[in-house]
Amino acid sequence: MMRTDTGRSSAIFYLPVVIATALVVQLIGRYHAGALMIGQSFYLSWILLRIVLPVIVLLILGIPLTHIGIGMPSIDRKTGIAIILIVILLPVVFLWIYFVKGYFNFYSGSFRSGSGAGRFLQFMIFTSSTLTGWEFLHRGFLLFGIIYLLTEREGLPAAAASLTAVCLVWAFEVLFHFIKPELEAAGMLIGSPVLSWLALRTRSIWIPLLIHFIVEVLFILSLILR
C-alpha cells in the first residue's frame, strides 16, 4: 500500500482525536453518567458515550468498523487453553478476595437492598449498561482503532503497533480504576493487558467481554453472599 505525506499527516492528527475522544468519554461519564438513566440501574449515558460516540468518531475518521474486533472470535488451541485456565482461576481469585478485610466496605451502599435475587438482577441490569460499552471503548475503539491507524495510516509493523495500543489501553484502564479500591486498580495491572492480549489473539472483543462478565458475576455474588 502506498502512503503519501498527506496520509501520514492525517494519521498523526487522527491518533490524538482517538485519545481525546476516550478521555472526554470517561470524563463526562465519571461526573454525569447518572444524568440519563432508564429505571434505577440502566445507565443509558454509558451506552451513548462508550459506544455511539466512538462509532461516530470512527466513521468520521474513516476507520472501518470491520477492523475494530466486533466480528466472531477466532480461537486456536493455545488461546483456548489460556481462556479455560483464566476461567478456572477467576473463582479462586475471588475466593481470596472474599476474605480481604475492608474491600467490600467500599461497596456497602451498592446493591444492598432487597432479596438476593433482586439485587443480582439489579446488578445485571447495571452491568448490561456499562460492561459492553467499557469493552467496546477500550478493546474496540482504542485497541483496534489505534492499531489500524498505526499500521494502515502510519505503516508501523503490526507488532510495534499492537504493543503501543496495548500500553495505551493499559494506562487508560488502570488510571480509571484509581477511583476504586486499591485492590481493583492493582488487579487491572494484570487484567488489562491480559484482556487486550485475548482480543488480539482472537481478533475480537467478545472473549475479553465474556471474561470481564464472569468477573462481574463473581463480584456481585461475593457481595451478596457476605
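Keep in mind that this is a model prediction, so the values were computed, not measured.

1. Some points on the overall build of the chain
Next, step 1: A tally of regular secondary structure across the chain gives 7 helices and 0 strands.
Next, step 2: Counting helices and strands in the order they occur from the N terminus, the chain gives α-α-α-α-α-α-α.
Next, step 3: A globule of 226 residues ought to have a C-alpha radius of gyration of about 17 Å, and the chain, at 19 Å, matches this closely.
Next, step 4: Projecting the C-alpha coordinates of the chain onto the three principal axes gives extents of approximately 60 × 45 × 30 Å.
Next, step 5: A buried classification covers 43% of the 226 residues belonging to the chain.
Next, step 6: Across the chain, contacts joining residues at least 24 apart in sequence account for 76% of those joining residues at least 6 apart.

2. Quick look at the side chain of Glu-135
Next, step 1: Within the fold, Glu-135 resides in helix α4 (residues 116-153).
Next, step 2: Given the relative accessible area of 0%, Glu-135 is considered buried.
Next, step 3: Apart from the residues lying within four places of it in its own chain, the contact partners of Glu-135 are Gly-140, Leu-195, Pro-208, Leu-209 and His-212.

3. Points about unusual backbone geometry
Next, step 1: A positive phi angle, near 55°, is found at Arg-203, a position not held by glycine.
Next, step 2: Inspection of the secondary structure puts Arg-203 in the loop between α6 (182-202) and α7 (206-224).

4. With respect to the layout of surface pockets
Next, step 1: Roughly 1,600 Å³ of internal volume is contained in the largest pocket.
Next, step 2: Lining the largest pocket are 46 residues; nearest its centre among them are His-177, Lys-180, Glu-184, His-212 and Glu-216.
Next, step 3: Among the secondary structure elements, those contributing two or more residues to the lining of the largest pocket are α1 (5-32), α2 (44-61), α3 (77-98), α4, α6 and α7.
Next, step 4: Residue contributions to the lining of the largest pocket peak at 9 residues, all from α6.

5. Comments concerning the packing of aromatic side chains
Next, step 1: Going through the model one piece at a time under the given rule, you end up with 11 aromatic pairs.
Next, step 2: A centroid spacing of 4.9 Å and a plane angle of 70° characterise the contact between Tyr-107 and Phe-219, whose relative ring orientation is edge-to-face. Of this pair, Tyr-107 sits in the loop between α3 and α4 while Phe-219 sits in helix α7, and the two are 112 residues apart along the sequence. An identical accessibility class is assigned to Tyr-107 and Phe-219; each is buried.
Next, step 3: Over the ring of Trp-46 we find Arg-50; its NZ or CZ atom is 3.5 Å from the centre of that ring.

6. Here we look at the pattern of salt bridges
It is possible for side chains bearing opposite charge to pair when their charged atoms get close.
Next, step 1: Per the stated rule, a full pass over the model turns up 3 salt bridges.
Next, step 2: Of the charged contacts, one joins Arg-201 and Asp-76 as a salt bridge, the two residues approaching to 2.7 Å between their closest N and O atoms. Note that Arg-201 is positioned in helix α6 and Asp-76 in the loop between α2 and α3, a separation of 125 residues in sequence.
Next, step 3: Judged by relative accessible area, Arg-201 falls into the partly exposed class, the value being 27%.
Next, step 4: With a relative accessible area of 39%, Asp-76 lands in the partly exposed category.
Next, step 5: In this structure, Arg-139 engages Glu-173 in a salt bridge whose closest nitrogen and oxygen atoms are separated by 2.8 Å. Highlighted residues: Arg-139 in helix α4 and Glu-173 in helix α5 (residues 158-176), separated in sequence by 34 residues.

7. A look at the side chain of His-212
Next, step 1: Checked against the element boundaries, His-212 lands in helix α7.
Next, step 2: With near-sequence residues (within four places) excluded, His-212 lies in contact with Leu-131, Trp-134, Glu-135 and Leu-195.

8. Considerations on a nonpolar patch on the surface
Next, step 1: A grouping of Leu-36, Leu-48, Val-52, Ile-56 and Ile-60 is seen on the molecular surface, where their side chains present a nonpolar patch of about 430 Å² in accessible area.
Next, step 2: Along the chain, Ile-60 turns up in helix α2.

9. Observations concerning α6
Next, step 1: For α6, built from 21 residues, the straight-helix expectation of 30 Å at 1.5 Å per residue is met to within 8% by its first-to-last C-alpha distance of 30 Å.
Next, step 2: Approximately 35° is the largest bend angle found in α6, and it occurs at Met-188.
Next, step 3: The set of residues buried in α6 consists of Glu-184, Ala-185, Met-188, Ser-192, Leu-195, Ser-196, Leu-198, Ala-199 and Thr-202.
Next, step 4: As for α6, its buried residues are in contact with α3, α4, α5 and α7.
Next, step 5: Looking at the residues trailing α6, positive phi occurs at Arg-203, about 55°.

Definitions and cut-offs
Residues numbered from 1 in each chain as written. Predicted model: local features only at pLDDT ≥ 70, side-chain atom pairs only at ≥ 80, totals over all residues. Heavy atoms only, no water. Helix = DSSP H or I, 4+ residues; strand = E, 2+ residues; numbered from the N terminus. Rg over C-alpha atoms; globule rule 2.2 N^0.38 Å. Buried < 20%, exposed > 50% of the residue type's maximum accessible area, 1.4 Å probe, protein only. Contact = heavy atoms within 4.5 Å. 1 Å grid on protein atoms, 1.4 Å probe; cavity = no way out; pocket = protein on both sides within 12 Å on 5 of 7 lines; lining within 4 Å. Points joined across faces, edges and corners; volume = space filled by probe spheres on them. Phe/Tyr/Trp six-rings, centres within 6.5 Å; stacked < 30°, edge-to-face > 60°. Lys NZ or Arg CZ within 6 Å of the ring centre and 35° of its normal. Salt bridge = Lys/Arg side-chain N within 4 Å of Asp/Glu carboxyl O. Patch = residues over 30% accessible without salt bridge, like charges linked within 9 Å, V, L, I, M, F, W, Y side chains within 5 Å. Areas by Shrake-Rupley, 256 points an atom, 1.4 Å probe, with all protein chains shown as cover. Expected span 1.5 Å × (residues − 1). Bend = angle between axes of the 7 residues up to and from the residue.

So yeah, pure geometry; function would need other evidence.
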